[in-house]
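Observations on the three-dimensional arrangement
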Amino acid sequence: GAVVSQHPSWVICKSGTSVKIECRSLDFQATTMFWYRQFPKQSLMLMATSNEGSKATYEQGVEKDKFLINHASLTLSTLTVTSAHPEDSSFYICSASGLAGQTQYFGPGTRLLVL
Amino acid sequence: AQSVAQPEDQVNVAEGNPLTVKCTYSVSGNPYLFWYVQYPNRGLQFLLKYITGDNLVKGSYGFEAEFNKSQTSFHLKKPSALVSDSALYFCAVRVYSGSARQLTFGSGTQLTVLP
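Quick summary incoming for the structure in this document. (Residues numbered from 1 in each chain as written. Chains lettered and ligands numbered in written order. Predicted model: local features only at pLDDT ≥ 70, side-chain atom pairs only at ≥ 80, totals over all residues. Heavy atoms only, no water.)

A tally of regular secondary structure across chain A gives zero helices and eleven strands. The N-to-C order of helical and strand elements in chain A reads β-β-β-β-β-β-β-β-β-β-β. Computed over C-alpha atoms, the radius of gyration of chain A comes to 13 Å, within 12% of the 13 Å expected from 2.2 N^0.38 for 115 residues, which places it in the range of a compact globule. Projected onto its principal axes, the C-alpha coordinates of chain A cover approximately 40 × 25 × 25 Å. The burial tally for chain A puts 50% of its 115 residues in the buried class. Contacts spanning at least 24 positions in sequence make up 55% of the contacts within chain A whose residues lie at least 6 apart. When the accessible surface of chain A is split by element, carbon and sulfur atoms take 54% of a total near 5600 Å². In chain A, which carries 9 positive and 8 negative side-chain charges, the distance between the mean positions of the two groups comes to 5 Å. (Helix = DSSP H or I, 4+ residues; strand = E, 2+ residues; numbered from the N terminus. Rg over C-alpha atoms; globule rule 2.2 N^0.38 Å. Buried < 20%, exposed > 50% of the residue type's maximum accessible area, 1.4 Å probe, protein only. Contact = heavy atoms within 4.5 Å. Areas by Shrake-Rupley, 256 points an atom, 1.4 Å probe, with all protein chains shown as cover. Lys, Arg positive; Asp, Glu negative; His and termini not counted. Charge placed at Lys NZ, Arg CZ, Asp CG, Glu CD.)

Attention now moves to unusual backbone geometry. Residue Pro8 of chain A is bonded to the preceding His7 of chain A through a cis peptide linkage, with omega at 0°. Even without being glycine, Tyr61 of chain B reaches a positive phi, approximately 60°. Here Tyr61 of chain B is to be found in the loop between β7 (56–58) and β8 (64–68). Even without glycine at this site, Thr72 of chain B takes up a positive phi of about 45°. Tracing the backbone shows Thr72 of chain B in the loop between β8 and β9 (73–78).

With that out of the way, let us pick up the pairing of strand β2 (residues 10–13) of chain A. The side chains of a regular strand alternate, residue by residue, between the two faces of the sheet. Residues and elements named next belong to chain A. Side-chain alternation along β2 places Val11 and Cys13 on a buried face and Trp10 and Ile12 on a face that remains uncovered. Bridge analysis of β2 against strand β11 (residues 110–114) gives four bridges, and the strand direction is parallel. Counted as the bridge partner of Val11 is Leu112 from β11. (Pairing = 2+ DSSP bridges.)

Moving on to the interface of chain B and chain A. Buried accessible area, meaning the area lost when the parts come together, often serves as the stated size of an interface. Each partner contributes to the interface: chain B provides 20 residues, whereas chain A provides 26 residues. For the pair chain B and chain A, the summed buried surface comes to about 1700 Å²; carbon and sulfur atoms form 49% of the total. Taken together, the links from chain B to chain A amount to five residue pairs in polar contact (both at pLDDT 80 or more). Broken down by secondary-structure element, the contributors of at least two residues to the side of chain B that touches chain A are β5 (31–38), β6 (44–50) and β10 (87–95) of chain B. Each residue belonging to the side of chain B that touches chain A can be placed in one class, and the counts come to ten nonpolar, six polar and four charged. (Buried area = accessible area lost by both parts, 1.4 Å probe. Polar contact = N/O pair within 3.5 Å; in protein donor to acceptor, adjacent residues only side chain to side chain. Nonpolar A, V, L, I, M, F, W, Y, C, P; charged D, E, K, R; others polar.)

All names here are of chain A. Judged by pairing direction, the sheet is antiparallel, and its four strands sit side by side in the order β1-β3-β8-β7 without closing on themselves. Strand pairing shows two members of the sheet lacking a second neighbour, β1 (4–7) and β7 (67–73), which therefore form its edges. Each strand of the sheet is rotated relative to its neighbour by a mean of 15°, with strand direction disregarded. Strand direction decides the pairing type here: β7 and strand β8 (residues 76–81), joined by five bridges, are antiparallel. From the neighbouring strand, Phe67 faces β8, where its bridge partner is Val81. (Axes fitted to C-alpha atoms, helices over the stretch in contact; angles between N-to-C directions.)

All right, on to the state of the cysteines then. Applying the stated criterion to the full structure yields two disulfides over all chains. Here Cys23 of chain A pairs with Cys94 of chain A through a disulfide, and the sulfurs are 2.0 Å apart. Sign of the S-S torsion, about 80° for the bond between Cys23 of chain A and Cys94 of chain A, identifies this disulfide as right-handed. Pair noted here: Cys23 of chain A is in strand β3 (residues 19–25) and Cys94 of chain A is in strand β9 (residues 90–97), with a separation of 71 residues, a long-range link. Using a relative accessible area of 0% as the deciding quantity, one classes Cys23 of chain A as buried. What makes Cys94 of chain A buried here is its relative accessible area of 0%. Two residues, Cys23 of chain B and Cys91 of chain B, share a disulfide whose sulfurs are 2.0 Å apart. (Disulfide = S-S within 2.5 Å.)

This is the structure:
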């Protein structure tokens, strides 16, 4: 149980385009989803927290207009990187927690490369 | 503010020997403590957690961790290391506080098990 998927696993795009990453909880209802960014050999940096049906809460320094987060259902959250630039290249990981909320379960991550 | 420290960037151990990955924490309330493992280009996998109760927590793949309140530590241990245990390990903490579900991660420890 507690499986979280992400799609796509890899994406390469041109500078200026927008990229959407999906995060799904496959066997539980995720009342809260989290989006992280990870640079090589570094820890996870929390970007935002989203609760189903409400606006995401962004961490300080994260541009909400650049990283659009939608959590429209209890099993799906999306992160859209708008007008991507090479500095947005990174490993993006989502996690989800259910109503009890004790444990976050992580997706496999999405590697984004912006050329 | 809560924080987690993993004092060792790298831990090397011979296969079959016991391993320890260290973690200390700083929180103002009662902590929820977690260990996650990350394999290359993958998301985080949940290993174990401490919420309350027995200080020795057993988790996946033969790992265990001991919560020590006086030393504010939560070291990860395994009696006999396997080469396949080689990965990046993250300790994380969440304060038991109502709706607050954010995890704070340590910087990670790269474990290498030598054959």
